[in-house]
Amino acid sequence: MGARSAHGTQRPALVYLFFDVQPNVLSPMNDTTDLGSIRLTQYSHGGGCGCKIAPAVLAEILSRSPVGLSHPDLLVGAESSDDAAVYRLNDAQALVATIDFFMPIVDDPFDFGRIAATNALSDVYAMGGRPILALAVVGMPVDRLPVAVIQRILEGGASVCREAGVPIAGGHSIDAPEPIYGLVALGLVQPERAKRNDTARPGDVLILGKPLGIGILSAALKKGQLSAEGYREMLDTTTRLNTVGTALAELPDVHAMTDVTGFGLLGHLLEICRGSQLRAHVQFARLPVLGTALDLLRQGFATGASGRNWASYGNAIALPEGLPDWGQKLLTDPQTSGGLLVACSPEVEEQVLELFHQEGFAAARTIGRLDVGSPGIDVFA
């Protein structure tokens, strides 16, 4: 017998999924290429979440999109620019559904797969959910990339899903001009515990879970200027699953949550501000930053996406006088598999930080607060 929704509609407790798999896209070419000689970042014009369409361009594209079918059980849809859709299955379960993919941010195939899978699953955690199933999204230039390289990418993604306890149950593959990999990720959450990005409250404190600077490191890597230490920092951050999101969902005083990815810290915080009709105050000196990234920033390394981000939303941001140019670039730096950004009551601030630290997010810290005011962000030194 299926469960009944709050609207009285009987529905099954199980969800049946059908998907298309094309295993023969991988050409059976006879390849003896040394995998270490392949630089994946040279096969694409961008990498990681820096591949995202700029916020202003995306807003223009979506401004004339037809309104989708309204449904009483669709708890989170496209209206709030949230991390995933949430659909109520019954009174105790809601399905969290998302898709995320991008082009290589690193040269090593296995590491690329790991980063892409971690990033995709993060959207489920950002909604407070627990991932239960994934489907692979694969686009590869099969006439230029050896089969062994593509296999290593898939192995990397599978290793992260095993760590998260998530089966990859199939997927879809195409022959593409640039390498693309990611996941459709599905999860479950109790409907009343789903965390949105537009439900923050005045007086909430802002807590960031991971250090910033991934885009800067990726820019240096593409130019062959990233040190071994910098690469280790990059991998440690981008392959750390945001599992703490599931625990944070159990706290009623965690009012809003998102993850910081391609639009940078300011871009994703601005989505919280606009959705919640609040103004944020951010302390620049409190921001956690990867040590290698800070040095590279001061040397002038940055991504093109950082500039596109600022052009898209800079008119809603007030920066402090005297902030160096690299400071703006850090605030708009596109993060790949970035940290959770939490808006919570000051009464649970220490509890939230403790949860982050218990799960290995040593850099997590409070970076600001939200108050009544016109939607936007004030950055203070």
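In this report, the structure presented in the accompanying data block is examined. Small disclaimer: the values here were computed from a predicted structure and weren't measured.

Analysis parameters
Residues numbered from 1 in each chain as written. Predicted model: local features only at pLDDT ≥ 70, side-chain atom pairs only at ≥ 80, totals over all residues. Heavy atoms only, no water. Helix = DSSP H or I, 4+ residues; strand = E, 2+ residues; numbered from the N terminus. Buried < 20%, exposed > 50% of the residue type's maximum accessible area, 1.4 Å probe, protein only. Pairing = 2+ DSSP bridges. Axes fitted to C-alpha atoms, helices over the stretch in contact; angles between N-to-C directions. Contact = heavy atoms within 4.5 Å. Parallel < 35°, antiparallel > 145°, perpendicular 65-115°, else oblique. Left-handed = near helix turned anticlockwise from the far one by under 90°. Salt bridge = Lys/Arg side-chain N within 4 Å of Asp/Glu carboxyl O. Arc of directions from axis to C-beta. Expected span 1.5 Å × (residues − 1).

Examining the side chain of asparagine 197
When you line up the elements, asparagine 197 lands in the loop between β8 (180-189) and β9 (205-208). Assessed through its relative accessible area of 0%, asparagine 197 is described here as buried.

Here's the deal with unusual backbone geometry
Look at serine 81: it is not a glycine, yet its phi comes out positive at around 50°. Along the chain, the position of serine 81 falls in the loop between β3 (74-76) and β4 (85-88). With phi around 55°, serine 337 is a residue other than glycine that occupies positive phi space. Here serine 337 lies in the loop between α10 (325-331) and β13 (340-344). Residue classification places serine 337 among the buried positions, given a relative accessible area of 1%.

Focus on the sheet that holds β8
The 6 strands lie next to each other as β3-β4-β5-β8-β6-β7, forming an open sheet whose pairing is mixed. Looking along the sheet, the strands with just one partner apiece sit at the ends: β3 and β7 (168-175). Direction aside, neighbouring strands of the sheet carry axes that sit 20° apart on average. With 6 bridges connecting them, strand β6 (residues 130-140) and β7 associate as parallel partners. The partner of valine 138 across the bridge, within β7, is serine 173. Strand contacts of helix α3 (residues 147-164): β6, β7 and β8, with the helix running at about 20° to β8, the strand carrying the most contacts.

Quick look at the environment of alanine 126
Mapped onto the fold, alanine 126 is located in helix α2 (residues 109-126). It is 9.3 Å that separates the C-alpha atoms of alanine 126 and glycine 339, two residues lying 213 residues apart in sequence. Leaving out residues up to four positions away in the same chain, alanine 126 has contacts with Asp83, Lys195, Met257, Thr258, Asp259 and Leu340.

A closer look at the packing of α2 against α3
Two numbers describe a pair of packed helices, the interaxial angle and the distance between the axes. Interaxial distance between α2 and α3 falls to 7 Å at its minimum, and their mutual angle equals 40°. Taken together, the axis directions place α2 and α3 in an arrangement best described as oblique. In the packing of α2 onto α3, the handedness of the crossing is right-handed. Contacts from Pro109, Phe110, Phe112, Gly113, Arg114, Ala117, Thr118, Leu121 and Tyr125 in α2 reach Val149, Arg152, Ile153, Glu155, Gly156, Gly157, Ser159, Val160, Cys161 and Ala164 in α3.

Re the environment of leucine 75
Tracing the chain through its elements places leucine 75 in strand β3. It is 9.7 Å that separates the C-alpha atoms of leucine 75 and arginine 196, two residues lying 121 residues apart in sequence. The residues contacting leucine 75, other than those within four sequence positions of it, are Val86, Arg88, Ala94, Pro191 and Arg196.

Concerning the pattern of salt bridges
All told, the structure shown has 10 salt bridges when counted by the stated rule. The salt bridge partner of aspartate 371 is arginine 369, with a shortest N-O separation of 2.7 Å. For arginine 369, a relative accessible area of 41% translates into the label partly exposed. Connected via shared salt-bridge partners are Glu79, Arg196 and Asp198.

Here's the deal with helix α8 (residues 291-298)
For α8, the complete set of buried residues consists of Thr292, Ala293, Leu296 and Leu297. The buried residues of α8 all sit within an arc of 135° when viewed along its axis, so they share a single face. Buried residues along α8 sit in contact with α4 (214-222), α5 (228-238) and α10. Positive backbone phi, at 105°, marks glycine 300, one or two positions downstream of α8.

Some words on α3
Between its first and last C-alpha, α3 extends 26 Å over 18 residues, near the 26 Å set by a 1.5 Å rise per residue. Those residues of α3 that fall on the buried side of the exposure criterion are Val147, Val149, Ile150, Ile153, Gly156, Gly157, Ser159, Val160 and Cys161. On its buried face, α3 sits against α2, β6, β7 and β8. One or two steps after α3, the chain reaches glycine 165, where phi turns positive at roughly 75°.

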